[in-house]
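Residues per chain are reported as follows:
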Amino acid sequence: MEHVLELNFEEPVTVDGDRLVELCVGMGEVRAEEMIALSIDNLWRGLEGLKDAYGKQRMDEISDISKGLSQIADNLGLCLFARVARDVEACADRMDGPALAGSLCRLLRVADSSLNSIWDLCDIGG
C-alpha cells in the first residue's frame, strides 16, 4: 500500500453578506441580530430533529424538517446550507436511502461550517 488517498471533506462556505445587510437595514441592527441568533438556534434544533428522524427512518419528517432548514438558511444568506438541505429533502421524498445518508452527512458538515461562519461574522453575543 504505497499510495493511500486521503479524502478531505471540507467545503468552502460563504455567507451572502448582502442578505445580512438587508436584514439589518430592514429590521434594525439589534432586531436583526436577535433574529439571526434565534434562526441559528432553530437551525441547530432542526439538525438535531433531522438526526433523530433519520435514526427512526421517518422520511416524511426528514423531508419536512429539511424544507424548513432550507427556508431558514435561505433567509440568512446561507446558500450552500440551503441547497444541501433541499438535496436531503429530495432524497427523503424519493426514499433513496444511500443518497440520503450521503446528503445528510454533507448537510451536517456544511451546517457546522456555515453556522460558525455566520456566528463569527455577526459576532453575536460578543
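Draft legend 1. Just helix α1 (residues 17-27), in detail. Considered for burial, the residues of α1 that qualify are Arg19, Leu20 and Leu23. Down the axis of α1, the smallest arc covering the buried residues is 100 degrees, so these residues share one side. The exposed set on the far side of α1, more than 90 degrees from its buried face, consists of Asp18 and Val25. N-capping of α1 is provided by aspartate 16, with a side-chain oxygen placed 3.1 Å from the backbone N of aspartate 18. Once α1 finishes, glycine 28 follows within two positions and takes phi at roughly 90 degrees, a positive value.

Draft legend 2. Representation of the environment of aspartate 96 in the model. Mapped onto the secondary structure, aspartate 96 falls in the loop between α4 (79-94) and α5 (97-122). Spatially, the C-alpha atom of aspartate 96 lies 30 Å from that of asparagine 116, the residues being 20 residues apart in sequence.

Draft legend 3. Structural context of the state of the cysteines. One pass over the full model with this rule turns up zero disulfides. Free cysteine: cysteine 91, not disulfide-bonded; nearest cysteine sulfur from cysteine 105 at 12 Å. Its relative accessible area of 5% is what places cysteine 91 among the buried residues.

Draft legend 4. Structural detail: unusual backbone geometry. Despite not being glycine, glutamine 57 shows a phi value in the positive range, around 55 degrees. Among the secondary structure elements, glutamine 57 is positioned in the loop between α2 (29-55) and α3 (59-76). By relative accessible area, glutamine 57 is classed as partly exposed at 45%. You will see that methionine 95, though not glycine, has its phi angle at about 55 degrees, which is positive. Note on placement: methionine 95 falls in the loop between α4 and α5.

Draft legend 5. A look at the pattern of salt bridges. Enumeration over the complete set of coordinates arrives at seven salt bridges. We note a salt bridge from arginine 45 to aspartate 41, for which the minimum N-O separation is 2.8 Å. Note that arginine 45 and aspartate 41 are positioned in helix α2 at a spacing of four residues, about one turn of the helix. The residue arginine 58 makes a salt bridge to glutamate 61 at a minimum N-O spacing of 3.5 Å. Arginine 58 sits in the partly exposed class, given a relative accessible area of 40%. We classify glutamate 61 as partly exposed; its relative accessible area is 30%.

What counts and what doesn't
- Residues numbered from 1 in each chain as written.
- Predicted model: local features only at pLDDT ≥ 70, side-chain atom pairs only at ≥ 80, totals over all residues.
- Heavy atoms only, no water.
- Buried < 20%, exposed > 50% of the residue type's maximum accessible area, 1.4 Å probe, protein only.
- Helix = DSSP H or I, 4+ residues; strand = E, 2+ residues; numbered from the N terminus.
- Arc of directions from axis to C-beta.
- Polar contact = N/O pair within 3.5 Å; in protein donor to acceptor, adjacent residues only side chain to side chain.
- Disulfide = S-S within 2.5 Å.
- Salt bridge = Lys/Arg side-chain N within 4 Å of Asp/Glu carboxyl O.

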